[in-house]
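Listed below are the residues making up each chain.
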Amino acid sequence: MLRTLKIPVGDLQSNCFLAWDEATREAAVVDPGADPERIIEAVRKRDLKMRYILNTHGHGDHIGANGAIKDEYGVPILIHEAELPLLGDPVLNMSSVYGEPVVSPPADGLLAPGEKVKFGGVELEVILTNGHSPGGVSLYDGEGIVFTGDALFAGSIGRCDLPGGNLETLVKAIRKGLLVLPDPTQVLPGHAQNTTIGQERKWNPFLT
């Protein structure tokens, strides 16, 4: 069974998530954007066995702790192919705008839409939800939880005015990839509070 822990990190309070299989304690960290010491402490406290670093996209506030987490656990970084250039370029990943340039180690593998990332008994399906960034993805456990990065928020969607962003692309991707999920599905977004697919289908002004 999938368990999760939200850890808001950094000045932008980006949501980093620990995701782990309750039975085996095997885990992945989704979008470790900053504050690696807090993330590592949360892993230690729960006696988790880290297996992956999963980036929903390559903006600096979601990749800032990649290097420290990789150094600590020696686990692979996975991201969509279109986001690869952002990892090592503070201009492309927007971190230079905030005066703290972020450079992540290169990716060790890719998050390809339709494929699944497995750890313990958990399988996270990769769903393409681009439009906030060129290769943004969401990760769905098949049983009621989806990590949406900066694609879908409670009552909103991701910004589309950044390099590589496109409003039409993002709305289409959300409709095709996320709104097809069951209404009770818990949406764990890249910022702010959680929501559900049903809530957003009914009330999100960008989607109704």
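Residues numbered from 1 in each chain as written. Predicted model: local features only at pLDDT ≥ 70, side-chain atom pairs only at ≥ 80, totals over all residues. Heavy atoms only, no water.

**Let's talk about the sheet that holds strand β5 (residues 77-79)**
What counts here: For two strands to count as paired, DSSP must find a minimum of two bridges between them. Secondary structure elements are taken from DSSP: a helix is a run of H or I of four residues or more, a strand is a run of E of two residues or more, and numbering for both begins at the N terminus.
Pairing is mixed across the open sheet formed by six strands, whose spatial order is β1-β2-β3-β4-β5-β6. Two strands close off the open sheet at either side, each with one partner strand: β1 (2-9) and β6 (109-110). Of the strand pairs in this sheet, strand β2 (residues 14-21) and strand β3 (residues 26-30) are connected by four bridges, and their pairing is antiparallel. Paired with Ala19 across the bridge in β3 is Ala28.

**Digging into the pairing of strand β4 (residues 49-54)**
Pairing of β3 with β4, which is carried by five bridges, proceeds in the parallel orientation. By the bridge assignment, Ala28 is partnered in β4 with Tyr52.

**A look at the sheet that holds strand β8 (residues 122-128)**
Strands sit in the order β7-β8-β9-β10-β13-β14 across an open sheet of six strands; the sheet is mixed. At either end of the open sheet lies a strand with only one pairing partner, and these are β7 (116-119) and β14 (195-196). Taken together, the four bridges between strand β10 (residues 145-149) and strand β13 (residues 186-189) define a ladder with parallel strand orientation. In the sheet register, Phe147 faces β13, and the bridge partner there is Leu188.

**Overview of helix α1 (residues 36-45)**
Put simply, the rule reads: Here's how the labels work: a residue is buried when its accessible area is under 20% of the maximum for its type, exposed when over 50%, partly exposed in between, all with a 1.4 Å probe on protein chains only. The directions from the helix axis to the C-beta atoms form the arc being described. Pairs of residues are marked as contacts when any of their non-hydrogen atoms sit within 4.5 Å.
Among all positions of α1, only Ile39, Ala42 and Val43 are buried. When α1 is viewed along its axis, its buried side chains cluster within an angular range of 100° and face the same direction. Exposed residues on α1 whose side chains face more than 90 degrees from its buried face are Glu37, Arg44 and Lys45. Those residues of α1 hidden inside the fold are in contact with β1, β2, β3, β4 and α3 (66-73). Following α1 by one or two positions, Asp47 has its phi on the positive side, about 55°.

**Some details on helix α5 (residues 167-177)**
Threshold: Contacts described as polar in this section are N or O atom pairs within 3.5 Å, which, within protein, must combine one atom able to donate a hydrogen with one able to accept it, while residues neighboring in sequence count only if both atoms come from side chains.
The set of residues buried in α5 consists of Leu170, Val171, Ala173, Ile174 and Gly177. The buried side chains of α5 occupy one side of the element, clustering within an arc of 160° when seen end-on. Turned more than 90 degrees away from the buried face of α5 sit Glu168, Lys172 and Lys176, all of them exposed. Elements in contact with the buried residues of α5: β8, β11 (152-153) and β12 (156-157). The N-capping residue of α5, defined by a side-chain oxygen 3.1 Å from the backbone nitrogen of Glu168, is Asn166.

**Focus: the packing of α1 against α3**
Our working rule: Helix axes are fitted only over the stretch in contact, all axes being lines through C-alpha atoms; the angle between N-to-C directions runs from 0 to 180 degrees. Reported orientations rely on four angle classes, namely roughly parallel under 35 degrees, roughly antiparallel over 145, roughly perpendicular from 65 to 115, and oblique for the rest. Crossing handedness: left-handed means the near helix sits turned counterclockwise from the far one by under a right angle, and right-handed means the same turn made clockwise. Each residue gets one of three labels, nonpolar for Ala, Val, Leu, Ile, Met, Phe, Trp, Tyr, Cys and Pro, charged for Asp, Glu, Lys and Arg, and polar for the others, Gly among them.
Two elements in contact, α1 and α3, have axes whose closest approach is 9 Å; the angle formed by their N-to-C orientations is 40°. With respect to α3, the axis of α1 lies oblique. Between α1 and α3 the crossing geometry is right-handed. Where α1 abuts α3, its residues Pro36, Ile39, Ile40 and Val43 lie against Ala68, Ile69, Glu72 and Tyr73. The residue makeup of the contact of α1 with α3, split by class, is seven nonpolar, no polar and one charged.

**Observations regarding a nonpolar patch on the surface**
To keep it simple, the criterion reads: Residues enter patches when their relative accessible area tops 30% and they take part in no salt bridge; the joining distance is 9 Å for like charges and 5 Å for the nonpolar side chains Val, Leu, Ile, Met, Phe, Trp and Tyr. For accessible areas, the Shrake-Rupley method is used with a probe of radius 1.4 Å. Any residue's cover is judged against the shown protein chains and nothing else. One speaks of a salt bridge when a side-chain nitrogen belonging to Lys or Arg is within 4 Å of a carboxyl oxygen belonging to Asp or Glu.
Side chains of Leu12, Val97 and Tyr98 sit close together on the surface and give an oily, nonpolar patch of about 320 Å² of accessible area. By the element assignment, Tyr98 lies in the loop between α4 (84-87) and β6. Residue class for Tyr98 comes out exposed when judged on its relative accessible area of 53%.

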